[in-house]
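Chain by chain, the residues run as shown.
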Amino acid sequence: KALGATSKAVFEADSCAYQGKDKVYTYTGFELTTYPVNGKDCIASVYFLDETVATPEGIKIGSKAADVVNVYGNGYNKDEQKFGTYSYSTDTAELRIYTTKDVVDGVEYLVKAAK
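Residues numbered from 1 in each chain as written. Predicted model: local features only at pLDDT ≥ 70, side-chain atom pairs only at ≥ 80, totals over all residues. Heavy atoms only, no water.

> Quick rundown of the pairing of strand E2 (residues 21–27)? Include the residues and the values.
Of the pairings in the sheet, the one linking strand E1 (residues 11–14) to E2 comprises 4 bridges and is antiparallel in character. Within E2, the position partnered with Phe11 by the bridge is Val24. Counted between consecutive antiparallel strands, the loop separating E1 from E2 contains 6 residues, among which Gly20 sits at a positive phi close to 125°. As paired elements, E2 and strand E3 (residues 30–37) share 5 bridges and run antiparallel to each other. Note that in E3 the partner of Tyr27 across the bridge is Phe30. The antiparallel hairpin formed by E2 and E3 contains 2 residues in its connecting segment, where Gly29 sits at a positive phi of about 95°. (Pairing = 2+ DSSP bridges. Helix = DSSP H or I, 4+ residues; strand = E, 2+ residues; numbered from the N terminus.)

> How would you summarise the side chain of Glu94 if you had to cite specific residues and measurements?
With respect to the secondary-structure elements, Glu94 resides in strand E6 (residues 93–100). With a relative accessible area of 15%, Glu94 lands in the buried category. Polar side-chain contacts of Glu94 include one of 2.3 Å to the side chain of Ser87. With residues near it in sequence (within four places) discarded, Glu94 still touches Glu80, Ser87, Tyr88, Ser89, Glu108, Tyr109 and Leu110. (Buried < 20%, exposed > 50% of the residue type's maximum accessible area, 1.4 Å probe, protein only. Polar contact = N/O pair within 3.5 Å; in protein donor to acceptor, adjacent residues only side chain to side chain. Contact = heavy atoms within 4.5 Å.)

Below, the structure written as structure tokens:
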């Protein structure tokens, strides 16, 4: 409710992993994906769609890959970086920053499902 109205109709599909529907809510600048658990929608991911949205540290689509490393450090997954993805992980979430020719062209937060 705090996010307001979506900019497109909510997309729903039967969940592959849970009982119910996975949903994609599209807002100006980002998409929010949820999955159902015990009748509630839990956040699965947030994906940036354009440069109007930035991480709290200021990384957004159009930022330089060097800025990503300056802000988040060298603790990214080195195997994924070979393909232009800077992936930073914690116990509860993963931040993936996608680049092409050293420019950010995608940002995604993935929430790790509770065990």
